[in-house]
Amino acid sequence: MNSPKCPIVIPTYKNRPNNLVQHLEDVSDNQIYVFCYKDDYENYKQYDCNNNVTFVQLDVPWRSIQKKRVVIQNYFIQRPNIERYILIDDDVTKCRMLHDDGKVRNIPLKEALVKIEELHCKYCHTFSGGENFGTIMAHATSDYVINKRTFYQVFCFENKWVIEHPECRFKDLQNICED
């Protein structure tokens, strides 16, 4: 099975049961970045053993997925050589695809991430993801449902565009989106 070519980025916390980090082989054979809190790394160190996986430990006093996404975007802004990346929440493990025959079928996560990257490169050079509550992949010709959730969990970012458009980045909002 193919893997996404761009890096996959996973913000994570508490290593909950069936956490995506526990199944990195289902995510990508290429570069994966896992962002965890420094004081939570002990829960993840057993997964920090593959050459294609980089753990980034955040030494911060807060717990917020929103603030973590800001840190992640800033991390990649400092790495303009990375063309694009897919940011995926750690609880996304299943994907479904609406096929041309009108039937929805489960597909492997890795396959879905490949398709998201492919459609992003074909239709978009900004960012892509599921439409808010519509469960439709933005910039796609096929409908994608990622774990029956939407734009809040899977994003594909064109890094150059994020660098050039600071007004469109995640906002560092206080007391919102607790991890």
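Structure: above.
Keep in mind that what you see is a predicted model, and the values were worked out from it rather than measured.

### Focus on helix 1 (residues 65–77)
Then step 1. With 13 residues, helix 1 extends 18 Å between its outermost C-alpha atoms, agreeing within 8% with the 18 Å of an ideal straight helix rising 1.5 Å per residue.
Then step 2. The buried fraction of helix 1 is high, at 11 of 13 residues.
Then step 3. Those residues of helix 1 that sit buried are Ile 65, Gln 66, Lys 67, Lys 68, Arg 69, Val 70, Ile 72, Gln 73, Tyr 75, Phe 76 and Ile 77.
Then step 4. Of the surrounding elements, those touching the buried residues of helix 1 are strand 1 (8–11), strand 2 (32–37), strand 3 (53–58), strand 4 (84–88), strand 9 (154–158) and helix 3 (159–164).
Then step 5. N-cap assignment for helix 1: the residue whose side-chain oxygen lies 3.3 Å from the backbone N of Gln 66 is Ser 64.

### Overview of the pairing of strand 1
Then step 1. Side chains Ile 8 and Ile 10 of strand 1 all project onto a buried face; the interleaved residues Val 9 and Pro 11 project onto the opposite face, where all are buried too.
Then step 2. The pairing of strand 1 with strand 2 spans four bridges and is parallel. Residue pairing for strand 2: Ile 8 is matched across the bridge by Ile 32.
Then step 3. Direction of pairing for strand 1 relative to strand 4: parallel, over a ladder of two bridges.

### What to know about the packing of aromatic side chains
Then step 1. This structure, assessed with the given rule, holds 12 aromatic pairs.
Then step 2. Between the aromatic rings of Tyr 33 and Phe 76, the centroid separation amounts to 5.2 Å while the plane-to-plane angle is 85°, which identifies the pairing as edge-to-face. Placement of Tyr 33 in strand 2 and of Phe 76 in helix 1 is noted, with a sequence separation of 43 residues between them.
Then step 3. Taking relative accessible area as the criterion, Phe 76 reaches 0% and is therefore assigned buried.
Then step 4. For the ring pair Tyr 37 and Trp 62, a centre distance of 6.0 Å and an interplane angle of 85° mean the geometry is edge-to-face. Here Tyr 37, found in strand 2, pairs with Trp 62, found in the loop between strand 3 and helix 1; they are 25 residues apart in sequence, far enough to count as distant. Of the two residues, Tyr 37 and Trp 62, both sit in the buried class.
Then step 5. Each residue in the set Tyr 33, Phe 35, Tyr 75, Phe 76, Tyr 85, Phe 155 and Phe 157 is aromatic and connected to the rest through ring pairs, giving one cluster.
Then step 6. The ring of Tyr 37 is capped by Arg 63, whose NZ or CZ atom sits 3.9 Å from the centre of that ring.

Cut-offs and rules
- Residues numbered from 1 in each chain as written.
- Predicted model: local features only at pLDDT ≥ 70, side-chain atom pairs only at ≥ 80, totals over all residues.
- Heavy atoms only, no water.
- Helix = DSSP H or I, 4+ residues; strand = E, 2+ residues; numbered from the N terminus.
- Expected span 1.5 Å × (residues − 1).
- Buried < 20%, exposed > 50% of the residue type's maximum accessible area, 1.4 Å probe, protein only.
- Contact = heavy atoms within 4.5 Å.
- Polar contact = N/O pair within 3.5 Å; in protein donor to acceptor, adjacent residues only side chain to side chain.
- Pairing = 2+ DSSP bridges.
- Phe/Tyr/Trp six-rings, centres within 6.5 Å; stacked < 30°, edge-to-face > 60°.
- Lys NZ or Arg CZ within 6 Å of the ring centre and 35° of its normal.

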